[in-house]
Amino acid sequence: MQTVPAFTETELARRWNVSIKTLQRWRSEERGPPYIKLSKAIRYPVDEIVTY
């Protein structure tokens, strides 16, 4: 099984210097970078972040 490197919500917020609430708002407004939802966990694939 192959795994895709991905940022957690906290890691991406720190990397972009935005709050976690901002990322959550973007998701609710269907804005921002593509993400994957695994049960309750949100992950942002690294290749998608670089492209975005």
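Note: the structure precedes this text.
For clarity, every value in this text was computed on a predicted model and none was experimentally measured. In this convention, every chain numbers its residues from 1, walking through the sequence in written order. Selection of residues for local features in this predicted model requires a pLDDT of at least 70, selection of side-chain atom pairs for listing and counting requires 80 or more, and totals for whole chains, interfaces and linings are taken over all residues. Excluded from the side-chain calculation are hydrogens and water; included are all heavy atoms of the structure.

Undergrad: Quick question: what am I supposed to make of unusual backbone geometry here?
TA: Generally, phi is negative for residues other than glycine and the peptide bonds are trans, each holding for most cases. Phi is positive for Glu30, which is not a glycine, with a value near 55°. In this text, helices come from DSSP runs of H or I with a minimum length of four residues, and strands from runs of E with a minimum of two, each type numbered from the N-terminal end. Note on placement: Glu30 falls in the loop between α2 (20-28) and β2 (36-38). For every residue, the accessible area obtained with a 1.4 Å probe (protein chains only) is divided by the maximum for its type, and the residue is called buried under 20%, exposed over 50%, and partly exposed between those limits. Judged by relative accessible area, Glu30 falls into the exposed class, the value being 76%. Positive phi values are uncommon outside glycine, yet Ser39 reaches one of about 60°. Overall, the relative accessible area of 68% leaves Ser39 in the exposed class.

Undergrad: Hey, could you run me through the pattern of salt bridges in this one?
TA: Any two side chains of opposite charge can pair, on the condition that their charged atoms come close. By definition here, a salt bridge exists when the distance from a side-chain nitrogen of Lys or Arg to a carboxyl oxygen of Asp or Glu is within 4 Å. Within this structure, the stated rule accounts for three salt bridges. Two residues, Arg25 and Glu29, come together in a salt bridge whose shortest N-O distance is 3.9 Å. Taken together, the shared-partner salt bridges connect Arg25, Glu29 and Arg31 into one network.

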